[in-house]
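# Coordinate inspection notes
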Amino acid sequence: CGDINVRNNIQDSKKYTDCHIVDGFVKITLLKTNSNTLYFPNLAEITGYLLIYRANSIHSLNHVFPKLSVIRGRLLFYNYALVIYEVPHILELGLNYLMYIERGAVRIEKNPSLCYLNTIDWSFILNKKNSLNIISSNKPVDECIDECPRKCFYNSLNFDHCLSDQHCQRSCSSFCTNKNLYCLQNETHEKNQICCHPSCLVGCYGLTNYDCFTCKNYYYNGACVDQCPNDLFILNHHRCITKKDCLEFNKSNKIYLNLCVQKCPTNSTISIDEPNICVECKESCPVVCPFAFITSIESAQAFKSCSIIDGALIISVKGGNF
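A short tour of the structure in this document, coming up. (Residues numbered from 1 in each chain as written. Predicted model: local features only at pLDDT ≥ 70, side-chain atom pairs only at ≥ 80, totals over all residues. Heavy atoms only, no water.)

What the protein contains, in helices and strands, is five helices and 22 strands. Overall, the protein is about 85 × 45 × 35 Å in size when its C-alpha atoms are taken along their principal axes. When each of the 322 residues of the protein is scored for burial, the buried share is 46%. When contacts within the protein are restricted to residue pairs at least 6 apart in sequence, those whose partners lie at least 24 apart make up 47%. Element-wise, carbon and sulfur atoms account for 50% of the exposed surface of the protein, whose accessible area totals about 17,400 Å². Once the 30 positive and 29 negative side-chain charges of the protein are each reduced to a mean point, those two points are 3 Å apart. (Helix = DSSP H or I, 4+ residues; strand = E, 2+ residues; numbered from the N terminus. Buried < 20%, exposed > 50% of the residue type's maximum accessible area, 1.4 Å probe, protein only. Contact = heavy atoms within 4.5 Å. Areas by Shrake-Rupley, 256 points an atom, 1.4 Å probe, with all protein chains shown as cover. Lys, Arg positive; Asp, Glu negative; His and termini not counted. Charge placed at Lys NZ, Arg CZ, Asp CG, Glu CD.)

Relative to the elements of secondary structure, Thr-29 occurs in strand β3 (residues 26-29). Using a relative accessible area of 7% as the deciding quantity, one classes Thr-29 as buried. Aside from chain neighbours lying at most four places away, what touches Thr-29 is Asn-5, Val-6, Arg-7, Asn-8, Leu-51, Tyr-53 and Arg-54.

Taken as a whole and judged by the stated rule, the model has seven salt bridges. Of the charged contacts, one joins Asp-23 and Arg-239 as a salt bridge, the two residues approaching to 3.3 Å between their closest N and O atoms. With Asp-23 in the loop between β2 (21-22) and β3 and Arg-239 in strand β16 (residues 239-241), this pair connects stretches of sequence that are 216 residues apart. Of the residues examined, Asp-23 reaches a relative accessible area of 9% and is grouped as buried. Judged by relative accessible area, which is 23%, Arg-239 ranks as partly exposed. Glu-45 is the partner of Arg-72 in a salt bridge, and the nearest nitrogen-oxygen pair spans 2.8 Å. Pair noted here: Arg-72 is in the loop between β6 (70-71) and β7 (80-85) and Glu-45 is in strand β4 (residues 45-46), with a separation of 27 residues, a long-range link. (Salt bridge = Lys/Arg side-chain N within 4 Å of Asp/Glu carboxyl O.)

With parallel pairing, four strands are arranged side by side in an open sheet as β2-β4-β6-β8. The sheet terminates laterally at β2 and β8 (100-101), the two strands that pair on one side only. (Pairing = 2+ DSSP bridges.)

Applying the stated criterion across every chain, the model contains twelve disulfides. Covalently, Cys-196 is tied to Cys-204 through a disulfide, its sulfur atoms 2.0 Å apart. Residues Cys-196 and Cys-204 are joined through a disulfide that is left-handed, its torsion about the S-S bond being -90 degrees. Taking relative accessible area as the criterion, Cys-204 reaches 0% and is therefore assigned buried. Across the disulfide, Cys-289 is cross-linked to Cys-306 (sulfur-sulfur distance 1.8 Å). The sign of the -90 degrees torsion about the S-S bond sets the Cys-289-Cys-306 disulfide as left-handed. Linking Cys-289 in strand β21 (residues 288-294) with Cys-306 in the loop between α5 (297-301) and β22 (308-315), this pair joins segments that are 17 residues apart in sequence. Residue class for Cys-289 comes out buried when judged on its relative accessible area of 9%. Note on Cys-306: relative accessible area 18%, which makes it buried. (Disulfide = S-S within 2.5 Å.)

Phi is positive for Asn-180, which is not a glycine, with a value near 60 degrees. Following the sequence through the fold, Asn-180 ends up in the loop between α3 (174-177) and β11 (200-204). Even without a glycine there, the phi angle at His-237 is positive, about 70 degrees. If you trace the backbone, His-237 turns up in the loop between β15 (233-235) and β16.

Here we come to the nonpolar core. Counting residues in each nonpolar core, the largest one holds 39 residues, and the members touching the most others are Ile-28, Phe-40, Leu-50, Ile-52, Phe-65 and Leu-82. Among the secondary structure elements, those contributing two or more residues to this core are β1 (4-7), β3, β5 (50-53), β7, β9 (105-109) and α1 (122-125). Sequence-distant contacts of Ile-28, that is, excluding residues within four places in its chain, are made with Val-6, Leu-38, Phe-40, Leu-51, Ile-52, Tyr-53, Ala-55, Ile-58, Val-64 and Phe-65. Counting eight residues, the second-largest nonpolar core is a separate cluster that includes Ile-241, Leu-247, Cys-260 and Ile-277. (Core = buried A, V, L, I, M, F, W, Y, C linked by side-chain atoms within 4.5 Å.)

The structure is reproduced here in C-alpha cells:
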C-alpha cells in the first residue's frame, strides 16, 4: 500500500485491512469517534513514519496495529519516525510487536493519560542512540503504576521491560543474536532461543522465510529473499516486482537497471526510445527544467543551461532588445 492518511473518518481505514507493508507514512489524526473499527490487522512494516495526533478515541495502539514490527524511517516527520502527540485518552503505547526503528527519532509528547513509557528500553528498538528523542509531558511517572508482568522478569533472558501490565517488551537471546539472527517470538518468551530463518528481520512466527515478521532484504511472493529474481525489479529498497507492476504502481515510475524508481538517478536520463526507461548518459546528462515563462533577457538567462523543458515554454517580451 501507499501512504495512509486517516483523518476524521475511521471508515477510511477499512480499505487497508490487507496491507502488509506501507510504502510511505501512516497518519491518524483528529479522530473523535469510537476507534474500535480502526484496524490494520496485517500491517507489519511502515517504510516512512507513523504519526498519531489528536486521535481522541484511541486508548491503545494494540488493537490498531497488532502486528507492526518495523518502522524504517526512510521518510521522516521532522526527523521523527514515531510521533504520538496530544492523544488525550491513550493509556499505553500498545505497539507490542515493534522491535525495530531503522532511522529517525521518537517523539511521544503531551499525552496526559499515557503510562508505561519508562518501562520500554528504547535502545533495543532504535537502530542507534538518538539524542533527538522527546518523551515528555505525558502522565507523571509517580501517578502511573507501571508494573510489568511477572513473566517479564522470569523469562530466560531476565529482560524486565514491558509495554503494559499484560505485555512484555519483545526480546531475543544472544544464542540467536550472536549469529545475526532473530528469534521465534511468542508472548511468554518461551521460544526466544529458537532462531528464525536468516532472511527474517526482528522475528518470526515459524522457521521458514515465509514466516518472517518482515524482511532483512527483499519481499517476494509472500517470502523474504536475499535477492530479487533476475527478471524482477526492486521497489523502495525492499520489494521485488515486475516491470508491469512497477509502471502501474505509480504513473511516474521508471525502470533503471534492476530498480523501479520515481525519477532517473544522477548521471542518467530518460531514454529517447522508451520514456519509461532511464539510461546512463554517455557524456553530460541533459538538464531538465520545469515550465518556462520568459519575459526578459534576465529571465531567459535562468534557463540557459536547459536542454529539455518539462512543460510549456512561453516567451512574451513586450519591448526592448532581446
